[in-house]
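Chain by chain, the residues run as shown.
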Amino acid sequence: MAHPFRMAIVGCGRISGAHAVAAIASPSIELAALVDPVEQRARSLAERVGASPLIATSIRELHGRVDGVVIATPNHTHADLACECLAAGFHTLIEKPLAASVVDGERILRLASDTQRVVAVGYVTRFRENVQFMADLLRHGYFGEVRRFAYQFGSRGGWAPLSAYNLDRRLTGGGVLVVTGTHFIDRMLDWFGYPDELELADDSLGGPEANAVATFRFRRGGMPLSGVARFSKSVALDAGVVLDTARGMVVLADRPDASVVVRPHETPGLETVVRPRLEGPPLVRTTEFGRQLEDFVRACRGGVPVVSGEQGLLSLRLIEALYARRRPLSEDWYAVAALQGSPA
Amino acid sequence: MTRVAVFGASGFLGATLVERGRTWSNFDLRPVIHGSGSAARLARHGMPLRTADLLAPDSIDRALAGCTHVVNCSRGPAEVMTRGLRNLLEASRRAGVQRVVHISSVAVYEGAQGTIDETAPARPSAGTYGAMKLAQDTLVARAASRGLSSIVLCPPNISGPHSAFLLEIVRAMRRRELALVDEGRTPCALVDVENLVHAIRLALQAGDVDARRIFITDGEPVTWKTLAETLAPFCDHPLPLPSISRHEAERRAAEAPARRPSVLRAARHLISSEVRSALRSDEWFARTEKRLKIIVKALPGLEPLARRQTTSVARPEKMPSGPLYAERLLRQQLRDVQYSGLRAVTRLGYVPPVSIGASMQAFQAWYEASTGWNDEWWPLVRHL
């Protein structure tokens, strides 16, 4: 059996707990170090997960002690930290997005190529069993022609990083599109490729947008496809994707336990659940974070990660292209006349 | 310049106040939030956001620096609502704040019937939201009696864009869980969020004030039937809506699991694994719990009892007969009450700028834009 892969987690904020737990649960990984400029954060994470790794405040302290790192820090710090890790010879899994800009993303990939190190990007929802199953079904054309799709995800609030960097557009590289929307953007690119036309409407007034609606068109030879994706940090929306296909409406809710459901056009009152037939002995089920880390380790030992740095860069390109075409969402909710006559 | 610290700025009312206040001349509204998780609506403006924990007086002092006025729209757990408010009032006094505007709720008048004014008896059941708001009003009145100029605005359910109350009705209707009581004839008191924001502005500027509650409503009667029928199209809900008698609604409300305060339930809640797990982040609690476990293990008679707590199965609740309707909305309809707007007119000069019709249109416009209802993609999205 291979030696355990010695892994460090750089950045000990909210998301790092999930990576640390996944690392500890994996027989092929040793949680070797936790790195945070605030030493107490690293110590407290180690205590929470019941581990005793090296506690470090800088990447320099990791030399010779780790094989790979997970970078789970604010978006604007990804590029510099990833480059430092790659230069030190560490394989690198970077929490999504790859970087805060395409230029920074390209810098990371150049160095990865020069140093022959793996770069993977933490689009963890790609490791959900139902998402992978849906990808397989689409790849094999199970639903026939896919004509349109609609995706939405919305919550009133939610993710609150310890540093509150999510409130500053310069640090995140954007708003809800980057923070949560990027997960679907990544899946969409995997399923359908890069769109030929795209548009974005969002409600940014200088800060990170809270609401965004992106539309896409794919020419795909003679089988055009169009779609919409709506993301919100101020309105709760039932999250999931619906595909309008030759077989019917295909629904996959955005939950790890959701099934792929088909509602045939001709019998809208019925639905069928499509699921993979289980063969062989029962599988040991791991979390999506666990599967992501296992995939990263496999790639580091000679392979390609499920979400490579190149795919992460493609997501960044698409996000930048969307922001470049943005137009403001209308917010004129009240009839102007009603307020113009007001004593206010 | 009136420099206003808005506590609870990331909530529905607070965010609308801050957004609207940015257009007011001679006002500088400074949003104060508790955490970054729910502040997306404000953050999109790129404006500076102050952070404060109402349970940490130092952080309130910092948030109040340079402010002349305070609006309190904050909500939270009981401790935040009581001790937190006391901290805020004390900090406001220390900072020489010229006016505090506190948002109360008509929930303090639980059980009232007919048209009432602010002098009606406020006797909410113990442990309810109304009781919490009444306790807050008492704290504000006490602070006012010690010289802190304060106004208490008392709104009913708040409508308009982002309204959690209207969304609750829409959700219930989409799930076919809304039943009207007596054909929806009872009034549903509402205030559009813009009207309430307008009242807050008046309250910040008002001269002669006291800290007695002031009802702020839309001033137009609307029935539950009208309200539900206006919202029905968003939910693909056929008309007429189902209706049950008042007697039936009262029976269902009485059959619903009681939520009156119970020492036993509170104790069960406290020793439940979820609560203990959350409390363990506190070092003192973690230490104490560990010691208690050692004591329990040392006393053989107690150990099975402790084990039983973690593995016990909840007793099944009584099942109501007939379709399941949203119980909270049934209870709301049993409140056959309207709130006089006279005191708002005489003390603040308040006349609601937004009519019910305009308010509902604004909600519809916002709902359409926010959910894509009825747009070209809706035939897909409605499958979710």
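Here is what the cut-offs are and how they apply
- Residues numbered from 1 in each chain as written.
- Chains lettered and ligands numbered in written order.
- Predicted model: local features only at pLDDT ≥ 70, side-chain atom pairs only at ≥ 80, totals over all residues.
- Helix = DSSP H or I, 4+ residues; strand = E, 2+ residues; numbered from the N terminus.
- Buried ≥ 20, exposed ≤ 12 C-beta atoms within 10 Å, placed from the backbone.
- Contact = placed C-beta atoms within 7 Å.
- Nonpolar A, V, L, I, M, F, W, Y, C, P; charged D, E, K, R; others polar.
- Pairing = 2+ DSSP bridges.
- Right-handed = clockwise from strand over helix to strand, strands pointing away.
- Domains from an automatic or database assignment.
- Axes fitted to C-alpha atoms, helices over the stretch in contact; angles between N-to-C directions.
- Parallel < 35°, antiparallel > 145°, perpendicular 65-115°, else oblique.
- pLDDT = per-residue confidence, 0-100.
- Arc of directions from axis to C-beta.
- Expected span 1.5 Å × (residues − 1).

### Considerations on the overall build of chain B
Counting its regular elements, chain B contains 17 helices and 13 strands. A burial count over chain B gives 41% of its 384 residues as buried. Sequence separation of 24 or more characterises 79% of the internal contacts of chain B that already satisfy a separation of 6 or more.

### Description of the interface of chain A and chain B
Taken together, the 48 residues of chain A in the interface contact 34 residues of chain B. Secondary-structure elements contributing two or more residues to the side of chain A that touches chain B are β7 (146–154), β10 (225–232), β11 (237–245), β12 (249–253) and α10 (336–340) of chain A. A total of five residues in the side of chain A that touches chain B trace back to one element, the largest contributor, which is β11(A). Among the residues forming the side of chain A that touches chain B, the class breakdown is 24 nonpolar, 14 polar and 10 charged.

### Side note on the pairing of strand β2 (residues 29–35) of chain A
Residue and element names in this part refer to chain A. For β2, the buried fraction is high: six of the seven residues fall into the buried class. Sheet topology note: the strand β1 (residues 5–10)/β2 ladder contains six bridges and is parallel. In the strand pairing of β2, R6 is matched with E30. Between β1 and its parallel partner β2, the chain crosses via helix α1 (residues 16–25), and the hand of that crossover is right-handed. Handedness of the crossover joining β2 and strand β3 (residues 54–56) through helix α2 (residues 39–49) is recorded here as right-handed.

### Description of the domain arrangement of chain A
Residues and elements named next belong to chain A. Assigned domains of chain A: these are domain 1 (5–123 + 290–308) and domain 2 (126–287 + 318–328). Using C-alpha coordinates to define each centre, domain 1 is positioned 26 Å away from domain 2. On the side of domain 2, 17 residues touch domain 1, which itself brings 19 residues to the contact. Of all the secondary structure elements, the ones that give two or more residues to the side of domain 1 that touches domain 2 are α1 and α8 (288–300). Here the element with the most residues in the side of domain 1 that touches domain 2 is α8; it accounts for four residues.

### Description of unusual backbone geometry
Cis geometry marks the peptide bond from K96(A) to P97(A), where omega comes out at -10°. Assignment of secondary structure puts P97(A) in the loop between β5 (91–95) and α4 (102–115). Of note, the amide linkage connecting L239(B) to P240(B) takes the cis form, showing an omega dihedral of 0°. Among the secondary structure elements, P240(B) is positioned in the loop between α8 (224–231) and β12 (243–244). Residues other than glycine seldom take positive phi values, yet N374(B) does so here, at roughly 70°. As for its position among the elements, N374(B) is in the loop between α16 (356–371) and α17 (378–381). What makes N374(B) partly exposed here is the crowd of 14 C-beta atoms within 10 Å.

### Things to note about the sheet that holds strand β15 (residues 326–328) of chain A
Residues and elements named next belong to chain A. Strand order in the open sheet formed by nine strands is β14-β13-β12-β11-β7-β10-β9-β8-β15, and the pairing between neighbours is mixed. In this open sheet, the two strands that pair with only one neighbour each are β14 (272–274) and β15. In this sheet, adjacent strand axes meet at a mean angle of 20° when their direction is disregarded. Contacting β7, β8 (197–202), β9 (211–218) and β10, helix α7 (residues 176–192) runs over the sheet at an angle of about 160° to β10.

### A word on the sheet that holds strand β7 (residues 150–154) of chain B
Consider a sheet: its strands pair through backbone hydrogen bonds, and that pairing is either parallel or antiparallel. Residue and element names in this part refer to chain B. The strand order across the open sheet built from seven strands is β3-β2-β1-β4-β5-β7-β11, with neighbouring strands paired in parallel fashion. Two strands in the sheet have a free side with no partner beyond their single neighbour: β3 (50–51) and β11 (213–215). As judged from the four bridges shared by strand β5 (residues 99–103) and β7, these two strands associate in the parallel manner. Paired with I103 across the strands is L153, a residue of β7. Packing of helix α4 (residues 78–94) onto the sheet brings it into contact with β1 (2–7), β4 (69–72) and β5, and relative to β4 it is tilted by some 170°.

### Here we look at the packing of helix α3 (residues 78–87) of chain A against α4(A)
All names here are of chain A. Two elements in contact, α3 and α4, have axes whose closest approach is 9 Å; the angle formed by their N-to-C orientations is 5°. One element, α3, and the other, α4, form an angle in the roughly parallel class. Along the contact surface, α3 presents A79, A82, C83, L86 and A87, while α4 presents D104, R107, I108, L111, A112 and T115. Residue composition of the contact of α3 with α4, grouped by class: eight nonpolar, one polar and two charged.

### A short note on the confidence of the model for chain A
Per-residue confidence for chain A gives a mean pLDDT of 92; residues scoring 70 or more make up 95%. Averaged pLDDT values for the elements of chain A fall to 45 in α10(A) and rise to 98 in strand β6 (residues 119–122) of chain A.

### Some points on helix α5 (residues 129–139) of chain A
Residues and elements named next belong to chain A. Looking at α5, one finds that the buried residues are V131, M134 and L137. Take α5 and look down its axis: the buried residues cluster within an arc of 120°, on one side only. For α5, the exposed residues lying more than 90 degrees away from the buried face are D136 and R139. Structurally, α5 contributes buried residues whose contacts are with α7, β12, β13 (260–263) and β14.

### Remarks on helix α7 (residues 193–205) of chain B
One turn of the α-helix equals 3.6 residues, which is why residues spaced by three or four share an orientation. Residues and elements named next belong to chain B. Counted at 1.5 Å a residue, the expected span for α7 with its 13 residues is 18 Å, and the 19 Å between its end C-alpha atoms agrees. α7 sits mainly inside the fold: 12 of its 13 residues count as buried. Along α7, the residues classified as buried are V193, E194, N195, L196, V197, H198, A199, I200, R201, L202, A203 and L204.

### Some details on the confidence of the model for chain B
Residues and elements named next belong to chain B. For chain B, per-residue confidence averages 85 on the pLDDT scale, and 83% of positions sit at 70 or higher. Contacts of residues 303–312 to residues separated by more than four positions or lying in other chains number five contacts, the stretch itself having pLDDT below 50. Interface confidence in the predicted complex, given as ipTM, is 0.88; pTM for the same model is 0.84.

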